[in-house]
Amino acid sequence: MRHSIAVFLVLLLVRVPGASEVLAQQTDTTVAAQDTARAEAHGGSLEQNYPNPFRRDTRIPLVLGADLFEDGRPVVVSVRIYNVLRQVVAVPTALDHPFSSGQPALELRYDAPGRYLLYWDGSDREGRRVPSGIYFCEMIAAGSRDVRKMMVTR
């Protein structure tokens, strides 16, 4: 029975225009909810950037859970973007940081748990547009590390 349902879904996606986009949106929403729950349980995480893949720029949600703030001290967060050779390409900027909005997300101090937003304009550290390809966004916060894959298209 499960096999026939899977076959039906594949045929539906192939035959119905727009069905794959709807399924992808539902999957993205489910993944984001799971990411937030994971961050609350384990301290901190990156959610999937959006849009992904992207051409010009992207937003990168960052969730800092209450576990990171148990000792009452601020949490220092650093986020970097790497290419597939593990070379640092760029550092995104903080969009809604309480004290450093618009600043590079390197060693930023956060005083409270929550969901924060970072921005990457698709440029490298010298201001040149990065080529199409796979990139990785890495967050390090109070010993917690999370990585997300991003795709740039030109």
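For the structure itself, consult the block above.
Residues numbered from 1 in each chain as written. Predicted model: local features only at pLDDT ≥ 70, side-chain atom pairs only at ≥ 80, totals over all residues. Heavy atoms only, no water.

1. Remarks on the pattern of salt bridges
Okay, so step 1: For the coordinates displayed, the defined rule picks out 7 salt bridges.
Okay, so step 2: Between Arg73 and Asp71 there is a salt bridge, and its shortest N-O distance comes to 3.6 Å.
Okay, so step 3: Classification of Arg73 as exposed rests on a relative accessible area of 57%.
Okay, so step 4: Judged by its relative accessible area of 51%, Asp71 is exposed.
Okay, so step 5: Across the salt bridge formed by Arg86 and Glu138, the nearest N and O atoms sit 3.4 Å from each other. Residue Arg86 is located in the loop between β3 (75-82) and β4 (88-90), and its partner Glu138 is located in strand β8 (residues 133-141); the two are separated by 52 residues in the primary sequence.
Okay, so step 6: Arg86 sits in the partly exposed class, given a relative accessible area of 48%. (Salt bridge = Lys/Arg side-chain N within 4 Å of Asp/Glu carboxyl O. Buried < 20%, exposed > 50% of the residue type's maximum accessible area, 1.4 Å probe, protein only. Helix = DSSP H or I, 4+ residues; strand = E, 2+ residues; numbered from the N terminus.)

2. Some thoughts on the packing of aromatic side chains
How two aromatic rings sit relative to each other is given by the distance of their centres and the angle of their planes.
Okay, so step 1: Using the criterion set out here, one finds 3 aromatic pairs in the structure.
Okay, so step 2: For the pair Phe54 and Trp120, a centre-to-centre distance of 5.7 Å together with 75° between the ring planes defines the contact as edge-to-face. With Phe54 in the loop between β1 (44-46) and β2 (58-64) and Trp120 in strand β7 (residues 114-120), the pair connects residues that are 66 residues apart, well separated along the chain. Like Trp120, Phe54 is buried.
Okay, so step 3: On the numbers, 4.5 Å between centres and 55° between planes, the contact of Tyr110 with Tyr116 is tilted.
Okay, so step 4: With relative accessibility at 1%, the residue Tyr110 sits in the buried group.
Okay, so step 5: On the basis of relative accessibility, which here comes to 11%, the residue Tyr116 falls in the buried class.
Okay, so step 6: Counting every residue linked through ring pairs, the aromatic cluster contains Phe54, Trp120 and Tyr135.
Okay, so step 7: When the ring centre of Tyr82 is taken as reference, the NZ or CZ atom of Arg86 above it lies at 4.1 Å. (Phe/Tyr/Trp six-rings, centres within 6.5 Å; stacked < 30°, edge-to-face > 60°. Lys NZ or Arg CZ within 6 Å of the ring centre and 35° of its normal.)

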